[in-house]
2 protein chains.
Amino acid sequence: MIPLAALPGEVRLVEVGPRDGLQNDPQAVSTDVKVAFIESLADAGLRWIEVGSFVRPDRVPQMADTEEVFRRLRPREGVTYLALVPNLRGLERAAACGVRAVAVFTAATDAFARANIGLTVEESLRTFREVVGQARGAGMLVRGYVSVAWWCPYSGRADPRAVRRVVLELLEMGCHDAGVADTVGAATPREVQELLDLLLRDAAAERLGVHFHDTRGTGLANVLAALQMGITTVDASAGGLGGCPFAPGALGNVATEDVVYMLHGMGVRTGVDLDRLCDASRLLEAALGRRLPSRYLQAGPPRGG
Amino acid sequence: MIPLAALPGEVRLVEVGPRDGLQNDPQAVSTDVKVAFIESLADAGLRWIEVGSFVRPDRVPQMADTEEVFRRLRPREGVTYLALVPNLRGLERAAACGVRAVAVFTAATDAFARANIGLTVEESLRTFREVVGQARGAGMLVRGYVSVAWWCPYSGRADPRAVRRVVLELLEMGCHDAGVADTVGAATPREVQELLDLLLRDAAAERLGVHFHDTRGTGLANVLAALQMGITTVDASAGGLGGCPFAPGALGNVATEDVVYMLHGMGVRTGVDLDRLCDASRLLEAALGRRLPSRYLQAGPPRGG
């Protein structure tokens, strides 16, 4: 008998739709739509929202309006808007438009780090040491991400010890928490628990997060597996938007609607109003002119209740 | 720390695509295609395959060729082809074409049982007592199903004590095992474990099965939750085909491909060759002229390995 009662009472959802979701979408949306989408997500009760990234606009044109989006967003008590920054130049751009929380991102493998950010893992960590130091010095919150923490599209199975080394170094240099990402959606629940078991020997659960893609259907099972290990920070993307432009076959983050439905059904609090969250995703569906893949968004609540 | 090592070493998959899947599909497929699909599923290593049902052809025209399908299937050592039978007339039809394994199906609520089979739960159990007795007398294997075991589209949340009563009565009258079905895809993992915890007080894990629909994205998480309780019989549908014609909003069984991918990734044996299983689903996709919803079927194995 498994002690399901030991699930966390509350989970901190990090909404990554506006960044991880829209970044890879072949259809660009206007800045107006982005801002309205993000405001709707905050209306729905999401408290951590990844808004954009300060990367090179020629590499990721969908994120070129990140400054403008931050300038237009109404500050809200209790809501943290995050931006990804790859280097000091990105951090300066973020600071210039008042960003209060940033994320740095590297990978478990050199092959992926080179393809994604043009640096080896070690080089990226050297860069981040300065970025994180300056960000902390300016009073910012800082998250760290480790991509391809289970599987790399260039070099196959990731070495859990390599993931551990990167996670611990991110935490040691001052990241408030480090998120491990199944960038290509290959992990299964036992692998999730095995890696987390290793990481939890040296890091508190509160300083770890998980980021799953649902490419092969295991996304929500992986979220469950992580919660069972005591993890309380979970990334998800409204409507199930998402992917990674540099990872072949990486499709769809776990959908925030589906995660919230599962968590609420298990008595785990999120602070999110599921109906209003669906409103936010529908706003984006209207702008994109197509259905998003979240199952709950399409099915709605069970009838007959 | 959760003892994931306690997952079962092997799971018995019951492939329900040809019955639960095709039964609700708006596109009828020819008997030729059905037979080729089922043979491919057996080629892929599936050992329990629900082939059709002996219900009234005017109510479920997609199943009208079940006799013909059974006559054409080549018997295979170690493969069990099942058929649903609602009553003695259905059992006679099954026996007449040599069927060796049947399933009877009722529900956790009268409202659903009436809509689905035109009987109250008690009436259905009275009918089944005779059906199961005769089937056992003829040396057949018999499964029992309890629909809407977590949520009924007519009367809302199902009463776990009602589910328990029906499950135990099905086992007591001679069913080899009883499957609990989340017909409308509303259950979440904690609810799955709570119901199974109740059932396991009186029934061995080997005599229970689970049948999940992925309507709200929780299908694979529910499978994981059931495995953690020691359940080793899991229904799934090739390609994620499926639904129930009498349950509004019931869409898509958990996809066999996704379940197998998750199980193999966790070191749980199924006997299924995942590549050949995808071949079977692609055969059906070609006949239907559309993509099926299984995520693994569309994504394939992770690259870079």
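Everything that follows concerns the structure shown earlier in this document.
From a predicted model like this one, the values you see are computed outputs, not experimental measurements.

Colleague: Could you give an account of the environment of Ile49 of chain A, with specific residues and numbers?
Modeller: All names here are of chain A. Summarising the element assignment, Ile49 is placed in strand β2 (residues 48-53). For Ile49, a relative accessible area of 0% translates into the label buried. Spatially, the C-alpha atoms of Ile49 and Lys34 are 12 Å apart, while their sequence positions differ by 15 residues. Ile49 has contacts with Glu15, Pro18, Ile38, Leu41, Ala42, Thr80, Tyr81 and Leu82, leaving out every residue within four places of it along the chain.

Colleague: Before we move on, can you summarise the packing of aromatic side chains with the specific residues and values?
Modeller: Residue and element names in this part refer to chain A. Summed over all chains, the structure comprises eight aromatic pairs over all chains. Taken together, a centroid distance of 6.0 Å and an interplanar angle of 25 degrees make the contact between Phe54 and Phe70 stacked. Here Phe54 is found in the loop between β2 and α3 (66-72), whereas its partner Phe70 is found in helix α3, with 16 residues between them in sequence. Of the residues examined, Phe54 reaches a relative accessible area of 1% and is grouped as buried. Taking the relative accessible area as the measure of exposure, Phe70 reaches 9% and is therefore buried. Centroid distance Phe112 to Tyr154: 6.1 Å. Interplanar angle 35 degrees. Geometry classified as tilted. Of this pair, Phe112 sits in helix α5 (residues 110-117) while Tyr154 sits in the loop between β6 (151-152) and β7 (156-157), and the two are 42 residues apart along the sequence. With a relative accessible area of 0%, Phe112 lands in the buried category.

Colleague: Tell me about helix α8 (residues 189-199) of chain B, and please be specific about residues and values.
Modeller: The element α8 of chain B is extensively covered by neighbouring structure, given that nine of its eleven residues are classed as buried. Of all the positions in α8 of chain B, only Pro189, Arg190, Glu191, Val192, Gln193, Leu195, Leu196, Leu198 and Leu199 of chain B are classed as buried.

Colleague: How would you sum up the state of the cysteines? Please name residues and give values.
Modeller: All names here are of chain A. A full pass over the atoms with the stated rule returns zero disulfides over all chains. The structure places no disulfide on Cys97, whose sulfur is separated from the nearest cysteine sulfur, that of Cys175, by 20 Å. Residue Cys97 is classed as buried on the basis of its relative accessible area of 13%.

Colleague: Describe in detail unusual backbone geometry, supporting the description with residues and values.
Modeller: Peptide bonds are trans in most cases, and residues, glycine excluded, mostly fall at negative phi. Phi at Val148 of chain A takes a positive value of approximately 45 degrees, unusual for a residue other than glycine. Judged by its relative accessible area of 0%, Val148 of chain A is buried.

Colleague: Summarise the pattern of salt bridges; cite the residues concerned and give the values.
Modeller: Here the structure, examined in full by the defined rule, presents 42 salt bridges over all chains. With a closest N to O distance of 3.5 Å, Arg295 of chain B and Asp214 of chain A form a salt bridge. Taken together, the residues Arg295 of chain B in helix α12 (residues 295-299) and Asp214 of chain A in the loop between β9 (208-212) and α9 (219-228) connect one chain to another. According to the relative accessible area criterion, Arg295 of chain B is partly exposed, its value standing at 22%. Salt bridges sharing common partners tie together Arg12, Arg143, Asp177 and Asp235 of chain A.

Colleague: Requested: an account of the relation of the copies chain A and chain B, with residues and values cited.
Modeller: Taken as rigid bodies, chain A and chain B are interconverted by a rotation of 180 degrees and an axial shift of 0.0 Å, the fit giving an RMSD of 0.0 Å. Viewed as a symmetry operation, the transformation between the two copies matches a two-fold axis. Ranked by how close their C-alpha atoms come to the rotation axis, the residues of chain A are headed by Ala221 of chain A, at 1.9 Å. Looking at the interface residues of chain A, 100% of them are also at the interface in chain B, so both copies use one shared face.

Colleague: For the environment of Val167 of chain A, give the residues involved together with the corresponding values.
Modeller: Residues and elements named next belong to chain A. Mapped onto the secondary structure, Val167 falls in helix α7 (residues 160-172). Through-space distance from the C-alpha of Val167 to that of Ala178 is 6.1 Å; in sequence the pair is eleven residues apart. Discounting residues that sit within four places of it in the chain, Val167 has contacts with Val146, Ala178, Val180, Leu199 and Leu208.

Colleague: Which residues make up the environment of Val260 of chain B, and what are the values?
Modeller: All names here are of chain B. As for its position among the elements, Val260 is in helix α10 (residues 256-265). A sequence separation of 17 residues divides Val260 from Leu277, and the C-alpha atoms of the two residues are 9.5 Å apart. Once residues within four sequence positions are removed from consideration, Val260 is found in contact with Leu13, Thr270, Val272, Leu274 and Leu277.

Cut-off values and rules
Residues numbered from 1 in each chain as written. Chains lettered and ligands numbered in written order. Predicted model: local features only at pLDDT ≥ 70, side-chain atom pairs only at ≥ 80, totals over all residues. Heavy atoms only, no water. Helix = DSSP H or I, 4+ residues; strand = E, 2+ residues; numbered from the N terminus. Buried < 20%, exposed > 50% of the residue type's maximum accessible area, 1.4 Å probe, protein only. Contact = heavy atoms within 4.5 Å. Phe/Tyr/Trp six-rings, centres within 6.5 Å; stacked < 30°, edge-to-face > 60°. Disulfide = S-S within 2.5 Å. Salt bridge = Lys/Arg side-chain N within 4 Å of Asp/Glu carboxyl O. Least-squares fit on C-alpha atoms with pLDDT ≥ 70 in both.

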